[in-house]
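As a plain string of letters, each chain reads:
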Amino acid sequence: MSRSRRLGKTGPARRMGEPQKAETQMAEPRTVEATFDGEPLSAPVGSSVAAALIGSGRPAWRTTRDGERRGVFCGIGVCFDCLVEIDGESGQRACMIPLREGMEVRAASGPSRGAHNGAEVVE
Amino acid sequence: MTRVSPDAAAGASADDKTFDVAIVGAGPAGLAAAAEAAEAGVSVLVVDSAEQPGGQYWRHRSERAGSDDGALHHGWRDYLALRGRFDAGIAPGAIRYLPGTSVWMAESAPGGFVLRLAPAYGPGPSPAPTVRATSLVLATGGYDRQLPVPGWHLPGVMAAGGIQAFVKQNGALPGRRFVIAGTGPFLLPVAANIAQSGGSVVSVLESASLAGWLPRAHRALGVPAKGLEAAGYIAAFARHRIPYRTRSVVTEILGSGQVEAVRTARVDRDGAVVPGSQRIIEGVDGVGLGWGFTPQLELPVQLGARTRQDADGSLVAEVDAEQRSSVPGLYIAGELTGVGGAVLAVLEGAVAGRAAALTARGRGGGSAARTPELRAIARQRAFARAMHLAHPVPRGWEQHLHDDTVVCRCEEVRYGALAAARDTLAGEDSRAQKGVTRAGMGWCQGRVCGFAVSCIAGAEESGAEQPGAERTSTARSGSAPTSSVPMTAAPPVESLRQTMRRPIAQPIPLASLATLEPEAELGRD
């Protein structure tokens, strides 16, 4: 079911200029376990929520007011197509946020629209 | 939501709210600016919305998961060198680094600037909601410029740069079989990265004619590295058997609930479909679209910096040889001054960081830019201009749209509504279109559709203009250098300026508004 392919490119050698040495590497498992709408969602450490969703066979997770399905589009936090609810906080961009252990991800509830009159506030 | 507090990764500072130099962005330009400013001995704040430094160009695997070997990157050694200097500034506290943080408002204040910060995601206020700096460097980069096409709302369609970011960050592909389309040399590394990562690229469709390069090829000779880079892509395309078709476009993306196929065509000089050239590519689950880049100009516009329209039709900030904007103390570097790539961004960032440090120490007006840097910047800008002229946003792209094609993805405003507003309700610019149709009023605030809506709104006017007509800046003062715009679908510059006027530069949690201090506290210390 997996649509994504992982690359075999996680060389062990650390290079100059990459900080935060092994502290987190040792403490964290290689795979993160979370949930999406109550179902198990797992992904390699460092994956974005969007990558975890796509990697688990979910190319789209939001429905627009006109009934269209949307997933990730710009991939860098600009377009807001990939909105999800995370740990009760709505309006979160799945492409920007790393999946964390125990995270509760939910499909955006109701039609996701911008706030009114140009005010750009995440409610 | 749990995440590492930005403070944990940041260096200590004598006063954690006031800095000599603040830098927004930690991509190529921001990192170079930070390194130079810190090495000049001033206190530096770096605010960046991402979790780790590098920007879009050097976006890489999570440092929590292990090292990135740089296989998907160009100039990775340059990044590591810059990163080493950046980290060397963080350790002793010369640089305070706030990752995962957005600047949602920038204001001029007595003696410098005030920045309002918010977490890039998640609830609550930023640990440092308000910071001040004597001088400010903006290096916020850009994002893929988009033109709508029927079916581009389908899951599986992504910005070309979005696919690349996805691969670089996650080490995984968002699909298996891709078509990459649009214009510009950036399509090449996107396709190459997909192939390197085990995906297949059925076709790369470039709307421009490569013949456009020939009259200007001599300018590329001034930048030999670009020639080597291009040779590398040609080799990668040959190795992976990726077809590269010029004067070709995607006219429609097909699928039920997800991308399944694309309709392609050859186009003539005016962008019209060549009869008989249409074909359908089946079995596609990923499409990458990119038509150059849009610089993120919200903060320069908020601060009143003078802008102009660049050769690629984008709104960009005006700077002098020291990267000084029209606002005293405000320096701007990288894609914000004209899309030109990472090498140029690093050069500009270094000059801006040095100049901003001099200004913060009261020695502004000195010569921060060194002669070899100025020469290199001039070469890179000449190359960028040649590239823009060779890869214009093609005329005629609107011909592929249907009345029900979504243009504004957020508010689901369709082409028919925009055309009707233009033709019958005087929706002749992006602001009028926003008022009538709600285009640009959604979550992204017109970041994705702003260019296209400006083109559609100004279609009749643009069509009547002379090719190559001078379009000049009149943002604040009437006097500004001019730039000629080539035969391309460039929208009126004033309409682009309207799309960049965003009172809140980035979306923020309500908690951040609640932490707004009364104006009195922002006054003179």
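Residues numbered from 1 in each chain as written. Chains lettered and ligands numbered in written order. Predicted model: local features only at pLDDT ≥ 70, side-chain atom pairs only at ≥ 80, totals over all residues. Heavy atoms only, no water.

**Student:** Before we go on, may I ask you to explain the overall build of chain A in this structure?
**Tutor:** Of regular secondary structure, chain A possesses two helices and eight strands. The burial tally for chain A puts 54% of its 123 residues in the buried class. For chain A, the proportion of contacts with a sequence separation of at least 24, taken over those separated by at least 6, is 43%. (Helix = DSSP H or I, 4+ residues; strand = E, 2+ residues; numbered from the N terminus. Buried < 20%, exposed > 50% of the residue type's maximum accessible area, 1.4 Å probe, protein only. Contact = heavy atoms within 4.5 Å.)

**Student:** Explanation requested: the overall build of chain B in the structure shown.
**Tutor:** When helices and strands are counted, chain B shows 16 helices and 24 strands. As displayed, chain B has an accessible area near 18,500 Å², and 54% of this comes from carbon and sulfur atoms. (Areas by Shrake-Rupley, 256 points an atom, 1.4 Å probe, with all protein chains shown as cover.)

**Student:** Whenever I open this one, the packing of aromatic side chains confuses me. Can you help?
**Tutor:** Any pair of aromatic rings gets described here by the distance separating the centres and the angle formed by the planes. Applying the stated criterion to the full structure yields seven aromatic pairs over all chains. With a centroid separation of 5.7 Å and an interplanar angle of 25 degrees, the aromatic rings of Phe80(A) and Trp443(B) are classed as stacked. In this pair, Phe80(A) sits in the loop between strand S4 (69–70) and strand S5 (83–86) while Trp443(B) sits in the loop between helix H12 (430–437) and helix H13 (450–457), so the two residues belong to two different chains. The exposure class of Phe80(A) is buried, given its relative accessible area of 4%. (Phe/Tyr/Trp six-rings, centres within 6.5 Å; stacked < 30°, edge-to-face > 60°.)

**Student:** Please explain the pattern of salt bridges as it appears in this structure.
**Tutor:** Any two side chains of opposite charge can pair, so long as their charged atoms come close to each other. A full pass over the atoms with the stated rule returns 28 salt bridges over all chains. The shortest N-O distance in the salt bridge between Glu63(B) and Arg83(B) comes to 2.7 Å. One end of the pair, Glu63(B), is in the loop between strand S2 (44–47) and helix H3 (76–90); the other, Arg83(B), is in helix H3, with 20 residues separating them in the sequence. Under the relative-accessibility criterion, Arg83(B) is labelled buried at 2%. Between Arg497(B) and Glu494(B) there is a salt bridge, with its nearest N and O atoms 2.9 Å apart. Within this pair, Arg497(B) and its partner Glu494(B) are both found in helix H15 (residues 493–500), separated by three residues, close to a single helical turn. The class for Glu494(B) is partly exposed, based on a relative accessible area of 33%. Each of Arg62(A), Asp66(A), Glu68(A), Arg70(A), Asp81(A), Arg409(B) and Arg414(B) takes part in a single network of salt bridges with overlapping partners. (Salt bridge = Lys/Arg side-chain N within 4 Å of Asp/Glu carboxyl O.)

**Student:** It is not clear to me how the packing of helix H4 (residues 160–170) of chain B against helix H5 (residues 187–196) of chain B should be interpreted in this structure. Could you clarify?
**Tutor:** When two helices pack together, their arrangement is captured by the angle between the axes and the distance separating the axes. All names here are of chain B. The geometry of H4 relative to H5 is characterised by a closest axis approach of 9 Å and an angle of 40 degrees between their N-to-C directions. The angle between H4 and H5 places the two elements in the oblique class. For the pair H4 and H5, the crossing hand works out as left-handed. Along the contact surface, H4 presents Ala 160, Ile 163, Gln 164 and Lys 168, while H5 presents Leu 187, Pro 189, Val 190, Asn 193 and Ile 194. (Axes fitted to C-alpha atoms, helices over the stretch in contact; angles between N-to-C directions. Parallel < 35°, antiparallel > 145°, perpendicular 65-115°, else oblique. Left-handed = near helix turned anticlockwise from the far one by under 90°.)

**Student:** Please clarify how H3(B) should be interpreted in this entry.
**Tutor:** Each α-helix winds once per 3.6 residues, and so residues spaced three or four apart point in a common direction. Here H3(B) is 15 residues long and its end C-alpha atoms lie 20 Å apart, about the 21 Å a rise of 1.5 Å per residue gives. Looking at H3(B), one finds that the buried residues are Trp76(B), Tyr79(B), Leu80(B), Leu82(B), Arg83(B), Phe86(B), Asp87(B), Gly89(B) and Ile90(B). (Expected span 1.5 Å × (residues − 1).)

**Student:** What is the right way to read the packing of helix H2 (residues 28–39) of chain B against helix H9 (residues 342–360) of chain B from this model?
**Tutor:** All names here are of chain B. Between H2 and H9, the shortest axis-to-axis distance is 7 Å and the interhelical angle comes to 35 degrees. Viewed along their axes, H2 and H9 form a crossing whose handedness is right-handed. Across the interface between the two elements, Pro 28, Ala 29, Ala 32, Ala 33, Glu 36 and Ala 37 from H2 touch Ala 342, Ala 345, Val 346, Gly 349, Ala 350, Gly 353, Arg 354 and Ala 357 from H9. Grouping the constituent residues of the contact of H2 with H9 by class yields ten nonpolar, two polar and two charged. (Nonpolar A, V, L, I, M, F, W, Y, C, P; charged D, E, K, R; others polar.)

**Student:** Just checking my understanding: could you explain the sheet that holds strand S15 (residues 286–291) of chain B for this structure?
**Tutor:** What holds strands together in a sheet is hydrogen bonding between their backbones, with the strands either parallel or antiparallel. All names here are of chain B. Here five strands make up an open sheet; going across it, the order is S8-S15-S9-S10-S11 and the pairing parallel. Strands at the two margins of the open sheet, each flanked by one partner only, are strand S8 (157–159) and strand S11 (244–245). Two strands pair when backbone bridges link them, and strand S9 (residues 177–183) and S15 are joined in this way by six bridges, in the parallel orientation. Each residue of the ladder has a partner; that of Ala 181, found in S15, is Leu 289. Each of S8, S9 and S15 touches H4; the most contacted strand, S8, lies at about 85 degrees to it. (Pairing = 2+ DSSP bridges.)

**Student:** Would you explain unusual backbone geometry in this entry?
**Tutor:** In terms of backbone geometry, most residues other than glycine have negative phi values and most peptide bonds are trans. Residue and element names in this part refer to chain B. Despite not being glycine, Arg 241 shows a phi value in the positive range, around 50 degrees. Tracing the chain through its elements places Arg 241 in the loop between helix H7 (224–240) and S11. Positive phi, normally seen in glycine, also occurs at Gln 445, with a value near 55 degrees. Tracing the backbone shows Gln 445 in the loop between H12 and H13.

**Student:** Before we go on, may I ask you to explain the sheet that holds strand S1 (residues 31–36) of chain A in this structure?
**Tutor:** Residue and element names in this part refer to chain A. Sheet architecture is open: five strands sit in the order S2-S1-S7-S5-S6, paired in mixed fashion. On the outer flanks of this sheet lie strand S2 (39–44) and strand S6 (89–93), each paired with one strand and no other. Averaged over all neighbouring strand pairs, the angle between strand axes comes to 40 degrees, with direction disregarded. In the sheet, S5 pairs with S6 via three bridges, with the strands oriented antiparallel.

**Student:** It is not clear to me how the confidence of the model for chain B should be interpreted in this structure. Could you clarify?
**Tutor:** For residues with low pLDDT, the predicted coordinates do not support detailed interpretation. Residue and element names in this part refer to chain B. Looking at chain B, the pLDDT average stands at 85 and 84% of residues meet or exceed 70. Taken together, the stretch residues 1–14 has pLDDT below 50 and engages in 37 contacts with residues farther than four places along the chain or on a different chain. In the predicted assembly, ipTM is 0.86 and pTM is 0.86. (pLDDT = per-residue confidence, 0-100.)

**Student:** What's the story with H5(B) in this structure? I'm lost.
**Tutor:** Residues and elements named next belong to chain B. In terms of burial, H5 is a largely internal element, nine of the ten residues being buried. Among the residues making up H5, those that are buried are Leu 187, Leu 188, Pro 189, Val 190, Ala 191, Ala 192, Asn 193, Ile 194 and Ala 195. Of the residues trailing H5, Gly 198 is marked for its positive phi of about 95 degrees.

**Student:** In this structure, what is going on with the state of the cysteines? I would like to understand it.
**Tutor:** Here a disulfide denotes a covalent bond joining the sulfur atom of one cysteine to the sulfur atom of another. Residue and element names in this part refer to chain A. According to the stated counting rule, one finds zero disulfides over all chains in the structure shown. Free cysteine Cys 95: the closest other cysteine sulfur is in Cys 82, separated by 3.9 Å. Classification of Cys 95 as buried rests on a relative accessible area of 5%. (Disulfide = S-S within 2.5 Å.)

**Student:** Where do I start with the environment of Arg370(B) in this structure?
**Tutor:** Within the element layout of this structure, Arg370(B) appears in the loop between H9 and helix H10 (371–390). Between the alpha carbons of Arg370(B) and Gly341(B) there is a distance of 20 Å; along the sequence they are 29 residues apart.

**Student:** In this structure, what is going on with the pairing of strand S6 (residues 130–138) of chain B? I would like to understand it.
**Tutor:** One face of the sheet, then the other: side chains in a regular strand alternate in exactly this way. Residue and element names in this part refer to chain B. Across the nine residues that make up S6, a large majority, eight, are buried. Note that strand S1 (residues 18–24) and S6 share six bridges and pair parallel. Along S6, the bridge assignment pairs Val 24 with Leu 138. Pairing of strand S5 (residues 112–119) with S6 involves four bridges; the strand directions are antiparallel. Considered in S6, the bridge of Phe 113 is made with Ala 133.

**Student:** How should I be thinking about the environment of Pro300(B) in this particular structure?
**Tutor:** Residues and elements named next belong to chain B. Locating Pro 300 in the fold gives a position in helix H8 (residues 298–302). On the accessibility criterion, Pro 300 (0% relative accessible area) is buried. Remark: the alpha-carbon pair of Pro 300 and Ala 106, spanning 194 residues in sequence, is separated by 8.6 Å. In this structure Pro 300 touches Leu 138, Ala 305, Ile 332 and Leu 336, once residues within four positions along its chain are discounted.

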